[in-house]
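One letter stands for each residue in the lines below.
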Amino acid sequence: MIVFRYTKNEGAEYLSHLDMLRHLNKILKRASVPIGFSKGFNPHMCIFMSAPIAVGVRSQAEYCLVESNMDADKFLKDFNDYTFKGLNCTFALSVNKKINVAGVINRAKYAIKGVNKFNLEEILNATEFEFTNKKGQRKEVRNKIFNLEWDGDLLIATVGFGNEGLRPDLFGAELVRRYGGNEFIEVNKLAVFVNEEPFEDYLMQFKGEFSENI
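Bear in mind that the values here come from a model prediction, so they are computed numbers and not experimental data.

The rules behind each value
- Throughout, residues of each chain are indexed from 1 in the direction in which the sequence is written.
- Predicted model: local features are reported for residues with pLDDT of at least 70 only, side-chain atom pairs are reported and counted for 80 or more only, and whole-chain, interface and lining totals are derived from all residues.
- Each side-chain value is derived from all of the structure's non-hydrogen atoms; neither hydrogens nor water enter the calculation.
- Only C-alpha atoms enter the line fits that serve as axes; for helices the fit covers just the stretch in contact. Angles between N-to-C directions range over 0 to 180 degrees.
- A helix here means a DSSP run of H or I that spans at least four residues, while a strand means a run of E at least two residues long, and both kinds are numbered starting from the N terminus.
- Oblique is the label for any angle not covered by the other classes, which are roughly parallel (under 35 degrees), roughly antiparallel (over 145) and roughly perpendicular (65 to 115).
- Here, two residues are considered to be in contact whenever any of their heavy atoms come within 4.5 Å of each other.
- Here the term charged refers only to Asp, Glu, Lys and Arg, the term nonpolar to Ala, Val, Leu, Ile, Met, Phe, Trp, Tyr, Cys and Pro, and the term polar to all other amino acids, Gly among them.
- Two aromatic rings from Phe, Tyr or Trp, using only the six-membered ring of Trp, form a pair when their centres are within 6.5 Å; if the ring planes differ by under 30 degrees the pair is stacked, by over 60 it is edge-to-face, and anything between is tilted.
- In this scheme, a residue with accessible area under 20% of its type's maximum is buried, one over 50% is exposed, and one in between is partly exposed, where area comes from a 1.4 Å probe on protein chains only.
- Throughout this description, the term charge over a ring refers to an Arg CZ or Lys NZ atom that lies within 6 Å of the ring centre and within 35 degrees of the ring normal.
- Here, strands pair whenever DSSP counts at least two bridges between them.

(A) Spatial organisation of the packing of helix α1 (residues 17–30) against helix α2 (residues 72–82). Running from N to C, α1 and α2 cross one another at 110°; their axes reach a closest spacing of 8 Å. Here α1 lies roughly perpendicular to α2, going by the angle between them. Residues Leu 24, Ile 27, Leu 28 and Arg 30 of α1 lie in contact with α2, whose contacting residues are Phe 75, Phe 79 and Tyr 82. Its residues placed into classes, the contact of α1 with α2 shows 6 nonpolar, no polar and 1 charged.

(B) Expanded view of the packing of aromatic side chains. According to the stated counting rule, one finds 10 aromatic pairs in the structure shown. Ring centres 5.8 Å apart and planes at 40° place the aromatic pair Phe 4 and Tyr 6 in the tilted group. Judged by its relative accessible area of 2%, Tyr 6 falls in the buried class. Of the aromatic side chains, those joined through ring pairs into one cluster are Phe 4, Tyr 6, Phe 75 and Phe 79. One Lys or Arg, Arg 107, reaches over the ring of Phe 146 and ends 3.7 Å from the middle of that ring. It is Arg 178 that lies over the ring of Phe 129; its NZ or CZ is 4.0 Å from the centre.

(C) Focus on the pairing of strand β10 (residues 181–194). In this structure, strand β3 (residues 58–66) lies alongside β10, joined through 2 bridges in parallel fashion. Bridged to Arg 58 within β10 is Asn 188. With 8 bridges connecting them, strand β5 (residues 107–115) and β10 associate as antiparallel partners. Considered in β10, the bridge of Ala 111 is made with Asn 188.

(D) Layout of the pairing of strand β4 (residues 89–94). Here β4 lies mainly inside the structure; 5 of its 6 residues are buried. With 5 bridges connecting them, strand β1 (residues 2–8) and β4 associate as antiparallel partners. Its bridge partner lying in β4, Val 3 is registered against Leu 93.

This is how it looks when you write it as structure tokens:
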């Protein structure tokens with residue numbers, strides 16, 4: 001098994017989750033990466049991506065697991081030899097078990113550009129924070145906001161990710177509504193976590209070769 005990190009920017013951020021899966025299939029085929037296939041009537045490559053992000057959100061920290069016994073360093077090189085602009089493998093690790101990358105990653109850190117500066121304590125010290133979700137409904141999401149800090153004009157926000165996640169683009173839009181800023185904000189995903197632990201630190205407990213032959 002190999003878990004790898006890849007970027008999604010320079011135009012690749014406008015690919016949907018399903019389109020990304022199709023492109024990953026094509027890249028791995030072109031690179032001749034040995035990949036396990038599912039069993040059954042319509043076998044497909046065993047590729048398991050982390051939870052989706054909104055179209056238009058750039059990312060430096062997308063993750064994927066593939067069933068492969070290829071050397072991780074060679075995988076990284078071969079992947080980048082056959083990929084396209086904006087989608088680059090920046091980390092690869094052989095692990096000894098299947099890891100549910102879509103399930104265990106439950107927090108993400110984002111840089112949000114375009115929100116006017118405000119006192120972060122207004123949110124961090126509050127017990128409630130409502131915003132409008134993609135269905136137009138008002139939702140209480142304070143328990144999904146873990147940390148906020150300013151880095152110059154960038155708001156660095158660590159919020160929930162995955163099944164109980166908080167969409168950073170909608171969160172940023174709510175902040176603009178409250179505090180002012182640009183109509184079109186920019187969001188860049190920087191890192192992901194398992195609770196408070198960086199995901200790649202979490203992976204190290206599983207470092208090792210997977211025994212099943214591909």
